[in-house]
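The residues making up each chain are set out below.
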Amino acid sequence: MSAARLIFLGAPGTGKGTQARRMSERFGLAPLSSGDALRREVQDDSPLGRRVARTMERGELVSDDVITQVMLAAIQGLPAGKGFILDGYPRTVPQADALNAGLARVGAKLDAVVDFAIADDLVLARIAQRSICSGCGASYNDEFVPPRTAGRCDNCGKALTRRPDDRAEVVATRLEAYRRQTAPLIEYYEARGLLLRVDAGASPDAVEAQVVSAIEAIG
Ligand code: AMP
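The structure displayed is predicted, hence computed values, not measured ones.

Rules used in this analysis
- Residues numbered from 1 in each chain as written.
- Predicted model: local features only at pLDDT ≥ 70, side-chain atom pairs only at ≥ 80, totals over all residues.
- Heavy atoms only, no water.
- Pairing = 2+ DSSP bridges.
- Helix = DSSP H or I, 4+ residues; strand = E, 2+ residues; numbered from the N terminus.
- Core = buried A, V, L, I, M, F, W, Y, C linked by side-chain atoms within 4.5 Å.
- Buried < 20%, exposed > 50% of the residue type's maximum accessible area, 1.4 Å probe, protein only.
- Contact = heavy atoms within 4.5 Å.
- Axes fitted to C-alpha atoms, helices over the stretch in contact; angles between N-to-C directions.
- Arc of directions from axis to C-beta.
- Near = heavy atom within 4 Å.
- Polar contact = N/O pair within 3.5 Å; in protein donor to acceptor, adjacent residues only side chain to side chain.
- Areas by Shrake-Rupley, 256 points an atom, 1.4 Å probe, with all protein chains shown as cover.
- Nonpolar A, V, L, I, M, F, W, Y, C, P; charged D, E, K, R; others polar.
- Parallel < 35°, antiparallel > 145°, perpendicular 65-115°, else oblique.
- Left-handed = near helix turned anticlockwise from the far one by under 90°.

### A few points about the sheet that holds strand β6 (residues 139-141)
Spatially, 3 strands are ordered β6-β5-β7 in an open sheet, and the strand pairing comes out antiparallel. Strands with a single pairing partner mark the edges of an open sheet, and in this sheet they are β6 and β7 (160-161).

### Details of the nonpolar core
Soluble globular proteins tend to bury their nonpolar side chains together. Residues Phe8, Leu86, Leu99 and Tyr189 are the most contacted members of the largest nonpolar core, which totals 56 residues. Sort the elements by how many residues they give to this core and helix α4 (residues 64-76) lands first, with 6 residues. Beyond its immediate sequence surroundings of up to four residues, Tyr189 is in contact with Ile7, Pro90, Ala96, Leu99, Leu110, Val113, Leu194 and Leu195. Counting residues in each nonpolar core, the second largest holds 5 residues, with Cys133, Ala138, Tyr140 and Cys153 among its members.

### So, the sheet that holds strand β4 (residues 112-117)
Reading across from one edge, β2-β3-β1-β4-β8 is the order of the 5 strands in this open sheet, with parallel pairing throughout. Of all strands in the sheet, those bounded by a partner on one side alone are β2 (30-33) and β8 (195-199). Sheet twist, expressed as the average angle between the axes of neighbouring strands with direction ignored, equals 20 degrees. Of the strands in this sheet, β1 (5-10), β4 and β8 are in contact with helix α8 (residues 184-191), which crosses β8 at around 130 degrees.

### Quick notes on helix α6 (residues 120-128)
Looking only at α6, the buried set comprises Val123, Arg126 and Ile127. Taken around the axis of α6, the buried residues stretch over an arc of 95 degrees, which confines them to a single face. What points out from α6, more than 90 degrees from its buried face, is the exposed set Asp121 and Ala128. Against the buried residues of α6 lie β5 (130-133), β6 and α7 (168-182).

### Notes on the site of the ligand
Of all residues adjacent to the ligand, which total 16 residues, the nearest are Ser34, Arg39, Glu60, Gly88 and Gln95. The separation between an oxygen atom of the ligand and a polar main-chain atom of Glu60 is 2.6 Å. Separating a nitrogen atom of the ligand from a side-chain N or O atom of Gln95 is a distance of 2.9 Å. Protein burial of the ligand: of its 480 Å² of free accessible surface, 96% is covered by the chains. Ranked by the residues each element gives to the shell around the ligand, the list is headed by helix α2 (residues 34-44), at 4 residues. For the shell around the ligand, the per-class residue count stands at 6 nonpolar, 4 polar and 6 charged.

### Some thoughts on the side chain of Arg163
Looking at where Arg163 falls in the secondary structure, it is placed in the loop between β7 and α7. A polar side-chain atom of Arg163 sits 2.9 Å from a polar atom in the side chain of Asp165. Setting aside residues up to four positions removed in sequence, Arg163 forms contacts with Arg39, Arg130, Ile132 and Arg174.

### Topic: the packing of helix α1 (residues 16-27) against helix α9 (residues 204-218)
Angle between the axes and distance between the axes are the two parameters that describe a pair of packed helices. Closest axis-to-axis distance for the α1/α9 pair is 10 Å, and the angle between their directions is 50 degrees. When the axis of α1 is compared with that of α9, the two are oblique. For the pair α1 and α9, the sense of crossing is right-handed. Packed against α1, whose contacting residues are Gln19, Arg22, Met23, Arg26 and Phe27, the element α9 presents Pro204, Asp205, Val207, Glu208, Val211, Val212, Ile215 and Glu216 at the interface.

Any link to function would need more than the numbers given here.
Okay, structure coming up:
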């Protein structure tokens, strides 16, 4: 299974990042989060980070070309034959086309796309409960995945913070971007016979069980 090439698709706050990390460990896949990659650039104050910081703060999508370059480079940097989970990429139809083309150039293709389906009101509740580690980026949830010590990361001990783009007014923009630009990918991948659906409204452990079955069913 360590060679599977997967996409986790879903609105912000559906828990796909948490599941991407769990599944990566379980199946020996590389977790490739586009949001984490961009946040690292912003934190490092790199030229790319400076280019995308404002767009990310507003909750809008960065350009297809920029994110595609970042993600194809991440895929190409993996050891030969290593599978991966793309979390947060692609988010538009042009990105999905560019990903297909990029994979085809190295003789690879996707095995499955897992869609994390969830109601809007649950998304808002999940985001309100979310904090992330200022050091390693690990994600916590007050109800489902609380840290062992309040305000501190279990993995690295650094302080937990709220993501600046988790503010209510920015979340509204992110959800709108999801509906308008990303949701069409559900049909896109369904038409290609790649789509698997999970009910992301359940608890993280229950969602995990669904995702494991979906991945194991790929064979
Ligand atoms: P995320 O952590 O996946 O919610 O991403 C945080 C922010 O990074 C998004 O609101 C966008 O500004 C940017 N971003 C991440 N992935 C993409 C993508 N595939 N296309 C465009 N912008 C992205």
